[in-house]
Each structure stands twice: as structure tokens, then as C-alpha cells.
Amino acid sequence: MMPFADEVVRSGFVPIPGASVVAAYLDDEAVLYDTSSRHSALLNRTSMVIWSGCDGRATVSEICARVARLFSLPSTAVEADVEAAIRRFGESGFLHGVDPAPEMVPPDS
Amino acid sequence: MTTTRAYHVLGFSFSFESDDTALVEVIDRCYRDLPAADGELSVLRAMSMPDGSYEVTLQHPSGEIEMCEGFVSRFGIVAVIAWEVNHRAELSRATWPVLHAAVTAGPLGAVALCGQSRSGKSTIAAAAAQLGWRHLSDDLAPIDVASLMVHPYARPIMLRSGGRGLLDELPDMPAGHGDYFGDEWFLAASELGAVAETSPVPLVAIVFLEWNDAAELVPISRAATLHALVLNSTTLGLSGEPVFRALEQLATVVPGYRLRFAHVSEAIELVRPLVGA
């Protein structure tokens, strides 16, 4: 049994994209698609930057620092938003080792 | 047993046969816009059962017979056959991006009108057919991304009572054919006045349909286009990443729009400049 996103997404957590998740970056937005669950998401610029920071090595706090630098903001100003976005990635089933939220699991799985 | 001519649809060639001669005539009329097939054929067969229902099977070119559906009522038989043909045609192009879309065309090229069931695809395709526009499909749009051409799939246009009520007068059905339709009627686009395309046509726009009180055609970003394509692709679930990358390529080069409309005539007027009709 894997943990849910709200149980693990903390500053020291390292988000790893799921093996079946593919991404396309177009202009200032991105699209994620999970070839296993067939879920998809349209990411705005901020979410795209956060997703591209999820490289399987950076911790949540390191991703916060990158996002803060990019938007010229203090890290504390983006922490809540970055954590929430990563939690949503997990809830949507896009992160390795994180259980998707129950409503994201197809009924026949 | 009576048999139709042989039809070719994408990578699927078939003829239809039945012990019900009138049903064979109905299918022949519905599929009259499909080009003729040559070579190996599958045979879709609907046999009458003692209780008045039909049993539908598919005989593959190898001779193997596959059971498709049993206990099909007379009112549902054309819909079941249409579903089977759709399914086989779609499987024959599983590695292509195939959109759940109606496709109509004019001098500038073809527009794919994407949407789920009851989004107005077939009704708009029928209205465009009544105006004499070129017809490619009311349901599936297989796209060759390398050439940016959309391939025709001129199956009969499926119209429910709600959609029929929004159109100009429809042609009369031959006597007895109405017995084979429930709420869903199937009409060949050429019966409505369209030129049914048999060759691929350049794709000039992808439009996503949305019922709305105010009519508008709004350009959307390339990522929003890709996301909407993902939601309207029938082969992405079968083929995964290769089709996703093909859709990405499509979204990169073909403009995407959101079309909001309350009346079919509004949709037609907004699509008209895209196809140059």
C-alpha cells in the first residue's frame, strides 16, 4: 500500500515522475498524460515549472527554491503553492510511489 | 442470403450479408458513400433468430467467425452494425491518431469538429452536408500526421431525434427502412447533398465543440489544443506514447479553436471561413 500525497509531500520529499507519465511542453504550458491510467492534465506556466523540477533528485524545498528564483520571490512565498501543486500531481497519479486520490482510480482497476 | 457490395473503410474491408433482404438494402443505402474494396474481405453477418432478434457475427478473411452480439432488436440492428464497423475501422488505424470528430471540408481544406457523444458533431456534419460541403466523417477522423491529411471515413451520419429537429427537411426514407431505426437514424451524407470525399484532405483547423448560449469561435493555446486532443483521441488508449507524440505534433502545427454554439446555423457560420465554403 503506497502513501497518499497528503501524507508524504513535505519539504524533504523527492517527487519522482511515474514511469508511465509522458509530458509535452508547448510554449508556456504543458500537458501530462499517464499511458497506464489514461489520466491527463493541462499545466499552466507555474505548474509546468514545478513539474519540470520534479526530476527524481530534487526535494520539494529545492524545487521551491528554483521556482522562487525563477519568479524573483522569496522561497517562503511559494512554498505552499509548490507543495499544493506537487500534492495534486500525486493525487492525479503522476508521481511514482504515491497513491492517487480514490476518485482518480478507474473503477475496473 | 443476400450480400452487399464490398466496402473499404480505412484498413478494414467488409461486406454485409443477412437472410433479411430489406436489412441488406438498408445497409447498402447507409454505406453507399464508402469506396469499393478489393482483396481480402471480412463478412459482417446478421442472422434472424426465431424470436425476431438478430445475431451478429464477423467472419474474418481467415474464415474464423467471431460472435459480435446476440439478441439485437430490429430497432437496434443498424446501430450495432455501425458500431462494429466503427470499431474495426478504428482498430485498423490503431497506431494513428484517430479523433472522435466530424470532418467537413471546403476549398481551404478540412476542419475536424471534435466532441464526445451529443456534442453536436453529427448534426453539424449533416447541416454542412445539406449545404453541399465536402463530407469526410461524422464520427472518426484518422489523421496522417506526416502529411497533415485527414482521411475520409464516410460512414452514414447518425442523427438522433434532437439533432434531426435542428436540421432542414431530411430526405424521405425508402418504404420500410424506418422499421430498422430507433431514435438513431443513419443517413449517407450524399443523401443529404454532400460530396462524400474518398481521398485525404489537408487538415486546416481542429475545433472543439461546446454547447453554450453565446456563439463564438475562440483560438486556444497549443497546449490546450493538445489536452483537448488527448481527451478526444480514440486510439491514444490503445497505442500510448507514439500517438501522444503524434497528437503533440498535430497541436504544434494545426490551429485549435473552442467553438461555443447554441444553434447549428451559428456553428456553420463560424466554421465557414475556416474551410472557405
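The rules behind these values
Per chain, the residues get numbers from 1 upward, laid out in the order the sequence is written. As a convention, the first chain written is A and the first ligand written is 1, with the rest following in written order. It should be noted that, the model being predicted, local features are given only for residues of pLDDT at least 70 and side-chain atom pairs only at 80 or more, the latter also being counted only at that level, while totals for whole chains, interfaces and linings use all residues. In computing side-chain values, all of the structure's heavy atoms are included and hydrogens and water are not. Helix and strand definitions follow DSSP, with helices as H or I runs of at least four residues and strands as E runs of at least two, each counted in order from the N terminus. Taken over C-alpha atoms, the radius of gyration is set against a globule rule of 2.2 Å times the number of residues to the power 0.38. Contacts are assigned to residue pairs that have any heavy atoms within 4.5 Å of one another. Working definition of accessibility: Shrake-Rupley area with a 1.4 Å probe, residue cover restricted to the visible protein chains. Residues scored as charged are limited to Lys and Arg (positive) and Asp and Glu (negative), so that His and the chain ends carry no count. A charge is said to be at NZ when it belongs to Lys, at CZ for Arg, at CG for Asp and at CD for Glu. Buried area: the accessible area, evaluated with a 1.4 Å probe, that two parts lose upon being put together, summed over both parts. By definition here, a salt bridge exists when the distance from a side-chain nitrogen of Lys or Arg to a carboxyl oxygen of Asp or Glu is within 4 Å. For every residue, the pLDDT score states the predictor's confidence, bounded by 0 at the bottom and 100 at the top. Under the scheme applied here, a residue whose accessible area is under 20% of the maximum for its type counts as buried, over 50% as exposed, and between as partly exposed, the area being computed with a 1.4 Å probe on protein chains only. If DSSP finds at least two bridges between two strands, the strands pair. The criterion is simple. A nonpolar core is a set of buried Ala, Val, Leu, Ile, Met, Phe, Trp, Tyr and Cys residues joined through side-chain atoms within 4.5 Å. The source of the domain bounds is an automatic or database domain assignment.

Student: Explain the overall build of chain A to me, please; I cannot follow it from the model alone.
Tutor: Along its length, chain A carries four helices and three strands. Counted from the first residue to the last, chain A has its helices and strands arranged as α-β-β-β-α-α-α. Taking 13 Å as the expected radius of gyration for a compact globule of 109 residues, we find that chain A reaches 13 Å, a close match to that expectation. Expressed as a percentage of contacts within chain A between residues at least 6 apart in sequence, the contacts between residues at least 24 apart total 56%. Counting every atom, chain A has about 5700 Å² of accessible surface; 52% of that belongs to carbon and sulfur. Each charge class in chain A was averaged separately, 8 positive and 15 negative side chains, and the resulting centres sit 6 Å apart.

Student: Sorry, what's going on with the interface of chain B and chain A here?
Tutor: Interfaces are often sized by the amount of accessible area the parts lose when they come together. The interface of chain B with chain A comprises 17 residues on the first partner and 15 residues on the second. Carbon and sulfur atoms make up 66% of the area that chain B and chain A hide from each other, which totals about 1300 Å². The tally of links from chain B across to chain A stands at one salt bridge. Of the charged contacts, one joins B:Arg222 and A:Asp27 as a salt bridge, the two residues approaching to 2.8 Å between their closest N and O atoms.

Student: Please clarify how the confidence of the model for chain B should be interpreted in this entry.
Tutor: Of the residues in chain B, 100% have a pLDDT of 70 or more, and the chain-wide mean is 95. Confidence estimates for the predicted assembly give a pTM of 0.91 and an ipTM of 0.89.

Student: Just to check I follow, could you spell out the pairing of strand β1 (residues 21-26) of chain A for this structure?
Tutor: Residue and element names in this part refer to chain A. Burial of β1 is extensive: five of the six residues sit out of reach of the surface. In the sheet, β1 pairs with strand β2 (residues 29-34) via six bridges, with the strands oriented antiparallel. Note that in β2 the partner of Val21 across the bridge is Asp34. A loop of two residues connects β1 with β2, the two strands running antiparallel in sequence, and Asp27 in this loop sits at a positive phi of about 55 degrees.

Student: Looking at this structure, how should I read the environment of B:Met1?
Tutor: As for its placement among the helices and strands, B:Met1 is situated in the segment before β1 (2-3). For the pair B:Met1 and B:Ala188, spaced 187 residues apart in the sequence, the C-alpha separation amounts to 24 Å.

Student: Got a minute to help me understand the nonpolar core in this structure?
Tutor: In summary, soluble globular proteins display a tendency toward joint burial of nonpolar side chains. Residues and elements named next belong to chain B. Grouped together as the largest cluster of nonpolar side chains are 35 residues, with contacts concentrated most on Val9, Phe14, Leu23, Tyr31, Ile77 and Val78. For this core, the secondary structure elements donating two or more residues are β2 (7-9), β3 (12-18), α1 (21-30), β4 (42-48), β5 (54-59), β6 (65-72) and α2 (77-91). With seven residues, α2 is the single largest residue contributor to this core. In this structure, Leu99, Ala110, Val150 and Leu250 belong to the second largest nonpolar core, which totals 34 residues.

Student: Where do I start with the domain arrangement of chain B in this structure?
Tutor: All names here are of chain B. Domain annotation for chain B reports domain 1 (2-92) and domain 2 (98-275). Measuring from the centre of the C-alpha atoms in domain 1 to the corresponding centre in domain 2 gives 24 Å. Of the residues lining the interface, 25 residues belong to domain 1; the matching set on domain 2 comes to 28 residues. Contact with domain 2 buries surface across domain 1, with Arg29, Asp33 and Glu90 losing the most and accounting together for 30% of the total. Connecting domain 1 to domain 2 are one salt bridge. Between Glu191 and Arg29 there is a salt bridge, with its nearest N and O atoms 3.0 Å apart.

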